[in-house]
Amino acid sequence: MKNLLKLLLAKRMAGTPLGLAALVLGWFLARRRRRRHAYETEQETERVGRRSGVAPPARGGSRSGAASRR
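Being a predicted model, the structure only gives us computed values, none of them experimental. (Residues numbered from 1 in each chain as written. Predicted model: local features only at pLDDT ≥ 70, side-chain atom pairs only at ≥ 80, totals over all residues. Heavy atoms only, no water.)

**Some points on the overall build of the chain**
Alright, step 1. A tally of regular secondary structure across the chain gives two helices and zero strands.
Alright, step 2. Counting over 70 residues, the chain shows a buried share of 1%.
Alright, step 3. Total accessible area on the chain stands at roughly 7,300 Å², and carbon and sulfur atoms take up 58% of it. (Helix = DSSP H or I, 4+ residues; strand = E, 2+ residues; numbered from the N terminus. Buried < 20%, exposed > 50% of the residue type's maximum accessible area, 1.4 Å probe, protein only. Areas by Shrake-Rupley, 256 points an atom, 1.4 Å probe, with all protein chains shown as cover.)

**Digging into the packing of aromatic side chains**
Alright, step 1. A full pass over the atoms with the stated rule returns one aromatic pair.
Alright, step 2. A centroid spacing of 5.0 Å and a plane angle of 65° characterise the contact between W27 and F28, whose relative ring orientation is edge-to-face.
Alright, step 3. Residue classification places W27 among the partly exposed positions, given a relative accessible area of 47%. (Phe/Tyr/Trp six-rings, centres within 6.5 Å; stacked < 30°, edge-to-face > 60°.)

**Structural notes on a nonpolar patch on the surface**
Alright, step 1. Taken together, the side chains of M1, L4, L5, L7 and L8 define a hydrophobic patch exposed on the protein surface, amounting to about 570 Å² of accessible area.
Alright, step 2. For L4, the position within the fold is in helix α1 (residues 2–13). (Patch = residues over 30% accessible without salt bridge, like charges linked within 9 Å, V, L, I, M, F, W, Y side chains within 5 Å. Salt bridge = Lys/Arg side-chain N within 4 Å of Asp/Glu carboxyl O.)

**Overview of α1**
Alright, step 1. For α1, built from 12 residues, the straight-helix expectation of 16 Å at 1.5 Å per residue is met to within 8% by its first-to-last C-alpha distance of 16 Å.
Alright, step 2. α1 sits mainly on the outside: zero of its 12 residues count as buried. (Expected span 1.5 Å × (residues − 1).)

Okay, here's the thing in structure tokens:
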């Protein structure tokens, strides 16, 4: 439903020059944001490991100090 509303809004905005400019600007900003997020995620996964000195994220979440269930 959300995607349908986005599509209808984009179609309506693309009909005017100012709306089209706003869509292009929003597209460029979203693209830049996605690229930056992907780069940060890639850097984070490279740092985690045996030799990096950074411990990998704990599995299991909230049960950090509890004994494992068998």
